[in-house]
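Fold and geometry: a report
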Amino acid sequence: MNILLIKNIKEIIKAETCPSLRLYGKDMSSFQSIKDAYLIIKNEKVAEIGKMSDIQISKLANAPDIKEFNAEGRFLFPSFCDSHTHLVYAESRESEFVDKIKGLTYEEIAKKGGGILNSASKVNKASEEYLYDKAFERLEEVKSYGTGAIEIKSGYGLSVNDELKILRVIKKLKENTDIRIKATFLGAHAIPLDYKDRRNDYVNLIINRMIPQISAEGLADYCDVFCEEGFFSNEETEKIINVAVKYGLKSKIHANQLYNSGGVQIAVKNNSLSADHLETIGDEEIDVLKDAFTMPTLLPSSSFFLNMHYAPARKMIDRGLSIALASDYNPGSSPSGNMQFVCSLGCIKLRMTPEEVINATTTNAAYAMEVSKTHGSITVGKPANLFITKKMSSYSFLPYSFGSNVIEYIILNGKSQ
Ligand code: NIG
Ligand code: FE
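Everything quoted here is computed from the prediction, not taken from an experiment.

Calculation criteria
Residues numbered from 1 in each chain as written. Chains lettered and ligands numbered in written order. Predicted model: local features only at pLDDT ≥ 70, side-chain atom pairs only at ≥ 80, totals over all residues. Heavy atoms only, no water. Helix = DSSP H or I, 4+ residues; strand = E, 2+ residues; numbered from the N terminus. Rg over C-alpha atoms; globule rule 2.2 N^0.38 Å. Buried < 20%, exposed > 50% of the residue type's maximum accessible area, 1.4 Å probe, protein only. Contact = heavy atoms within 4.5 Å. Areas by Shrake-Rupley, 256 points an atom, 1.4 Å probe, with all protein chains shown as cover. Donors = N, O, S within 2.8 Å, 3.2 Å for Na, K, Ca; no water. Pairing = 2+ DSSP bridges. Right-handed = clockwise from strand over helix to strand, strands pointing away. Core = buried A, V, L, I, M, F, W, Y, C linked by side-chain atoms within 4.5 Å. Domains from an automatic or database assignment. Buried area = accessible area lost by both parts, 1.4 Å probe. Salt bridge = Lys/Arg side-chain N within 4 Å of Asp/Glu carboxyl O. Near = heavy atom within 4 Å. Polar contact = N/O pair within 3.5 Å; in protein donor to acceptor, adjacent residues only side chain to side chain. Nonpolar A, V, L, I, M, F, W, Y, C, P; charged D, E, K, R; others polar.

We now examine the overall build of the protein chain. Assigned secondary structure in the protein chain consists of 15 helices and 16 strands. The C-alpha atoms of the protein chain give 21 Å as radius of gyration, which agrees with the globular expectation for 417 residues (22 Å, within 12%). Projecting the C-alpha coordinates of the protein chain onto the three principal axes gives extents of approximately 75 × 45 × 45 Å. Counting the 417 residues in the protein chain, one finds 60% classified as buried. Counting only contacts in the protein chain whose residues sit at least 6 apart along the sequence, the fraction spanning at least 24 positions is 74%. Counting only carbon and sulfur atoms, one obtains 50% of the accessible surface of the protein chain, whose full area is about 16300 Å².

The structure is reproduced here in structure tokens:
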């Protein structure tokens, strides 16, 4: 039998016996924890958690084949869930980064054939093996920053073959990592150049060819649309997600990033699992999101990188909303999947407290990618998906010390990484 005892833990963050599926408003400002604690992993699952003073009465703690880890001075966190990324891409886009510094806007770059179309032409030239190797490296990197579950979108293919190529890469990643992966089809990320003057034909290609084939091959868990002026209209978005639902794919929507043009309303009306970005939402959208099935998901590293507005997180939480935070890891608007940095931005730029960012990147992000049974909290019976920090004075040191990696030891799916 494989048993690991982690002892003398300074504090187990989110040690929850009956974890909530999602946390709203004021409830985001606290979590259960156990100080001076131990945790036992048996058969890949969390078998016991408790106070060090109670460890003597644990039978497992005296098992002959037990391995021990002394976590003195260290915190134990549930792994981060990153519910929005685009990490399968061929090449980085630093030249656009320089254009942006010189003053071009995100939309101007897209109009010049840069942006998403630039990434699509690079994916077109790359082999499946090349894409896999690049994506696997990125996955290993985000793992080292504490991510234990990740959603990955296609969307840099924009043709039947290339969208399928990306989704097959995601499938292969799923099979070769202890990070839990959810796959999202984002064929509706941009209108490809050769469909510029016949956008309806592209929407029909998505509906009639891509979605049926992806569903038949079981290549996606969700379907996303970049619902935005200059990308996909509200009507096109609804058309696409309605077909996706018929094929068993719930929707996730890129909404209200550049303009306040109705994406949130579409997401809520259609019971999308999440509405992501939300940089331009106003009071009306906040009201619409209240009590919705849809998880509002904020991506502060994309605002940071594009040097644009941040979503009104403080107002949203103060009005009782439940929010998740994710990285948006992609080559155009967030070339980083570091969830510790997302936590720092949550505190520094979104004015969220450390407790709120921890809940937004665990419980609420787990909801936004439907992995709450395995991730989001430290709970007896769940698989062990967690990390142990370096010695730290308090858990707030994690978002405070932006730019450093505070993680020392990682366990995913019960296995040391
Ligand atoms: O989520 N907004 C749309 N898609 C990505 C950016 C894609 C790109 O620029 O390559 C995002 O920010
Ligand atoms: Fe995105």
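From this point, the discussion proceeds with the structure in view.
To continue, consider the environment of N176. Here N176 is to be found in the loop between α5 (160–175) and β8 (180–188). Exposure remark for N176: the relative accessible area of 43% places this residue in the partly exposed category. When the C-alpha positions of N176 and F77 are compared, they lie 24 Å apart, and in sequence the two are 99 residues distant. If we ignore the near neighbours within four places in the chain, the residues touching N176 are Y132 and F136.

Moving on: the coordination of the iron ion (ligand 2). Coordination sphere of the iron ion (ligand 2), protein contribution only: H84 (NE2), H86 (NE2), H254 (NE2) and D328 (OD), at 2.1 to 2.3 Å. For the iron ion (ligand 2), the single-chain donor residues occur in sequence as H-x1-H-x167-H-x73-D. Here the residue H86 occupies a position in the loop between β6 (80–82) and α1 (94–101), and D328 occupies one in the loop between β13 (324–325) and α12 (339–348), the gap between them amounting to 242 residues. Overall, the relative accessible area of 1% leaves D328 in the buried class.

Attention shifts here to the sheet that holds strand β9 (residues 222–227). In a beta sheet, neighbouring strands are held together by backbone hydrogen bonds and run either parallel or antiparallel to one another. Strand order across the open sheet formed by eight strands is β6-β7-β8-β9-β10-β11-β12-β13, with parallel pairing between neighbours. Both edges of this open sheet fall to β6 and β13, since each of them pairs with a single strand only. Across six bridges, β9 lies against strand β10 (residues 250–255) in parallel orientation. Following the sheet pairing, V225 is matched in β10 by I253.

On to the pairing of strand β11 (residues 274–277), then. Taken together, the four bridges between β10 and β11 define a ladder with parallel strand orientation. Considered in β11, the bridge of K252 is made with S274. The β-α-β motif built from β10, the intervening helix α8 (residues 263–269) and the parallel element β11 has right-handed crossover chirality. As paired elements, β11 and strand β12 (residues 295–298) share three bridges and run parallel to each other. From the neighbouring strand, D276 faces β12, where its bridge partner is T297. Tracing the backbone out of β11, into helix α9 (residues 283–289) and back to the parallel element β12 gives a crossover that is right-handed.

Let us now look at the environment of L412. In this structure, L412 sits in strand β15 (residues 407–412). Overall, L412 belongs to the buried group, its relative accessible area being 0%. Contact partners of L412, with chain neighbours within four places excluded, come to S79, K143, T147, G148, D178, I179, A384, N385 and Q417.

Before going further, it helps to spend a moment on the nonpolar core. Within the largest apolar cluster, 102 residues are counted, with the highest numbers of intra-cluster contacts made by V88, I240 and M352. Counting residues per element, this core draws most heavily on helix α6 (residues 199–216), which supplies eight residues. Of the residues that make up this core, three or more belong to each of domain 1 (3–78 + 378–416) and domain 2 (80–367). Residues in contact with M352, not counting those within four places in the same chain, are M28, A313, R314, I317, I323, L325, G346, C347, V357 and A360. A15, A71, I378 and L386 belong to the second largest nonpolar core, which has 19 residues in total.

Per the domain assignment, the segments making up the protein chain are domain 1 (3–78 + 378–416) and domain 2 (80–367). In this structure, domain 1 and domain 2 have C-alpha centres spaced 30 Å apart. With 30 residues of domain 1 at the contact, the number on the domain 2 side is 36 residues. In total, domain 1 and domain 2 occlude about 2600 Å² of area from one another, counting both sides; carbon and sulfur atoms represent 62% of this. A per-residue breakdown of the area domain 1 buries against domain 2 is headed by R22, M28 and L412, which together make up 27% of the total. At the boundary of domain 1 and domain 2, one finds one salt bridge. A salt bridge links K415 to D178; the nearest nitrogen and oxygen atoms lie 3.1 Å apart.

With that out of the way, let us pick up the site of ligand 1. Among the 15 residues in the neighbourhood of ligand 1, the closest are listed as Y106, Y156, H189, Q257 and S333. H86 is positioned with one of its side-chain polar atoms (N or O) 3.4 Å from an oxygen atom of ligand 1. D328 has a polar side-chain atom sitting 2.8 Å from an oxygen atom of ligand 1. If ligand 1 stood free it would expose 330 Å²; the protein chains cover 100% of that surface. Taken together, the residues that form the shell around ligand 1 break down as four nonpolar, nine polar and two charged.

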